[in-house]
Amino acid sequence: MSETENILTAKVWNLAHVMNNAGVGSGDYVEQVTYLLFLKLDAEREEDGLPSLLPEDCRWARLAALTGRELAQHYARTLETLAAQPGLVGTIYTRARNTIEEPAHLHRLVRMIGAETWSGFGVDVKGAIYESLLERTASDTKSGAGQYFTPRPVIQACVEVVDPKPGQTVCDPACGTAGFLLAAYEHMRHKPEARDRETGRRMREEGFTGYDIVAGVARLAAMNLYLHGLGRADTTPIHRADALLADPGKRWDVILTNPPFGRRQSIQVFTGDGEAETEREDYQRPDFGVTTGNKQLNFVQHIMTVLAPGGVAAVVLPDNVLFEGGTGERIRRRLLDEFECHTLLRLPTGIFYRQGVKANVLFFEARPRRKEPWSEALWVYDLRTNKRFTLKERPLRYADMEEFVGLAKLSDRTKRQETERFKRFTYAELAAREKLDLNLTWLREDGTTDPASLPPPAEIAASIADDLEAALARFRAVAARLG
């Protein structure tokens, strides 16, 4: 971070502590910063001779001139009005409300944002400041925002291996705060092709799409992209929607995503007034080969549908997707037969804000139909066995991923070399495994463990609970077959 970024981030975050003492949580605080910062940026657009995106009574100048209860009341009306607007504005202000009850604290936040000319910092600085706020909010375990935050080294490694290029379209159907989309953009914009003006414009305005079912998260993602100069002022690349409800009809060249974890889900259908109604526990889609309530398996099926011919996907998935029988086995077989499923990264525990998570990254590419299976071999890199990480004391670094990236990014996979942690499994070997189990291991845990390297007790307990859930799912599958 530059000195300017550090100073501004500290200034914005220090006020968060004041708000926290007044009962405003870090997540609510970042949302209020988002609302007010967009108003201020719109005013700066006008100063630069561009048309405002907002109704006249909702603009910054009107708000900044008020104090006390009048300020709080006008701010509440402004949020209600903007929530009904179309496009980018409506996405950012969906279900927006003022959570700062004390007018004096609200006035202080308005003054802080009004004291800076944010458009003068450039997209790199604005974006870095905002992403820093999101990361700090994610680290606040009380806010629960960490569930939408994928570790940055994992994101960077996925992008390096997939290697998206200017001119390609990128989608994240469970985008969270848009970490994958922004990392893809950073990777693409430094390539020579991006220097072409028209290619660069299309990349920024049309190249990225994200979906998230949670209104507050979609808001943060939309603002994050806007501050980085992605999308257009009159439209939003982020859609507040359940990506699994239907085939959108559009296809993307690159899919990068970390779908929400959890074993089963209820489908939420939104009514006209924005309220959610629970209908059923599985998705009835003609393009899905199987019907299941497992949302990670449904995301895999959805990605199979929306991946363009020749497109490539990198998907973060929990262990149960690799070994679950029944529908899981059928989806894995289709993945190996109809797609080129070529790389699996076994991630270590202790790197996610949700403790005890055992996850992997699966890389596969869309191929045209043929009789022979497309997946000649699956290369597996084990970054889990004998690896110990925690969020604070021993965080995962990109340096920990560099060996995997160097081995896996070779476009010519015939030149890959096996190592102690990187092994090749042929299609015949995989097909011979019971239930087409892809939970492949070969390394042994060290017999002696340094107590100082053990995960925190809460993480151990969460890991045990996850293993018990997985075992219970297997027993249920056996009982169903016996029945």
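Definitions and cut-offs
- Residues numbered from 1 in each chain as written.
- Predicted model: local features only at pLDDT ≥ 70, side-chain atom pairs only at ≥ 80, totals over all residues.
- Heavy atoms only, no water.
- Helix = DSSP H or I, 4+ residues; strand = E, 2+ residues; numbered from the N terminus.
- Buried < 20%, exposed > 50% of the residue type's maximum accessible area, 1.4 Å probe, protein only.
- Contact = heavy atoms within 4.5 Å.
- Areas by Shrake-Rupley, 256 points an atom, 1.4 Å probe, with all protein chains shown as cover.
- Polar contact = N/O pair within 3.5 Å; in protein donor to acceptor, adjacent residues only side chain to side chain.
- Pairing = 2+ DSSP bridges.
- Axes fitted to C-alpha atoms, helices over the stretch in contact; angles between N-to-C directions.
- Parallel < 35°, antiparallel > 145°, perpendicular 65-115°, else oblique.
- Nonpolar A, V, L, I, M, F, W, Y, C, P; charged D, E, K, R; others polar.
- pLDDT = per-residue confidence, 0-100.

Visitor: It is not clear to me how the overall build of the protein should be interpreted in this structure. Could you clarify?
Guide: Within the protein, the secondary structure is distributed over 17 helices and eleven strands. Residues classed as buried in the protein amount to 50% of the 483 residues present. In the protein, 76% of the contacts between residues at least 6 apart in sequence involve partners at least 24 apart. Surface exposure of the protein reaches about 22200 Å², of which carbon and sulfur atoms provide 49%.

Visitor: Would you mind going over the side chain of R413 with me for this structure?
Guide: Mapped onto the elements, R413 comes out in the loop between α15 (402-408) and β11 (422-426). There is a polar contact of 3.5 Å between the side chain of R413 and the side chain of E365. Among all residues touching R413, those that are not within four sequence positions of it are E340, H342, E365, R367 and W379.

Visitor: Would you mind going over the pairing of strand β10 (residues 377-382) with me for this structure?
Guide: Looking down a regular strand, the side chains alternate between one sheet face and the other. Where burial is concerned, most of β10 is hidden: six out of the six residues are buried. Burial along β10 is two-sided: A377, W379 and Y381 facing one way and L378, V380 and D382 facing the other are all buried. Looking at chain direction, β10 and β11 are connected through five bridges and run antiparallel. Bridged to A377 within β11 is T426.

Visitor: How should the environment of A157 be read in this particular structure?
Guide: The residue A157 is located in helix α8 (residues 152-162) in this model. Take A157: its relative accessible area is 1%, and that puts it in the buried class. Each C-alpha atom of the pair A157 and G406 lies 9.7 Å from the other, and the pair is 249 residues apart in sequence. A157 has contacts with Y398, M401 and V405, leaving out every residue within four places of it along the chain.

Visitor: Looking at this model, I keep getting lost on the packing of helix α2 (residues 26-47) against helix α4 (residues 68-83). Mind explaining?
Guide: Helix packing geometry: the angle between the two helix axes and the distance between the axes. Two numbers describe how α2 lies on α4: the axes approach to 12 Å, and their chain directions differ by 80 degrees. As far as their axial angle goes, α4 and α2 are roughly perpendicular. Touching Q32, Y35, L36 and L39 of α2 are Y75, L79 and L82, all from α4. Here the residues of the contact of α2 with α4 sort into six nonpolar, one polar and no charged.

Visitor: Could you clarify how one ought to interpret the sheet that holds strand β4 (residues 252-257) in this entry?
Guide: The strands making up a sheet associate through backbone hydrogen bonding, with each pair oriented either parallel or antiparallel. Sheet architecture is open: nine strands sit in the order β3-β2-β1-β4-β7-β9-β8-β10-β11, paired in mixed fashion. Of all strands in the sheet, those with a lone pairing partner are β3 (238-240) and β11, marking the two edges. Adjacent strand axes in the sheet meet at a mean angle of 15 degrees, parallel and antiparallel pairs treated alike. Pairing geometry for strand β1 (residues 170-172) and strand β2 (residues 208-212), over three bridges, is parallel. Along β2, the bridge assignment pairs C171 with T209. Sheet contacts for α8: β4, β7 (307-318) and β9 (359-366); angle to β9, the most-contacted strand, approximately 20 degrees.

Visitor: Just to check I follow, could you spell out the confidence of the model for the protein for this structure?
Guide: In low-pLDDT segments, the atomic positions of the prediction should not be examined closely. Across the protein, the average pLDDT comes to 86, with 86% of residues at or above 70. In this model, residues 141-146 is a region of pLDDT below 50 whose contacts with residues beyond four sequence positions or in other chains number seven contacts. Across residues 270-274 the pLDDT falls below 50, and counting only partners more than four positions away or on other chains, this stretch makes eight contacts in the model.

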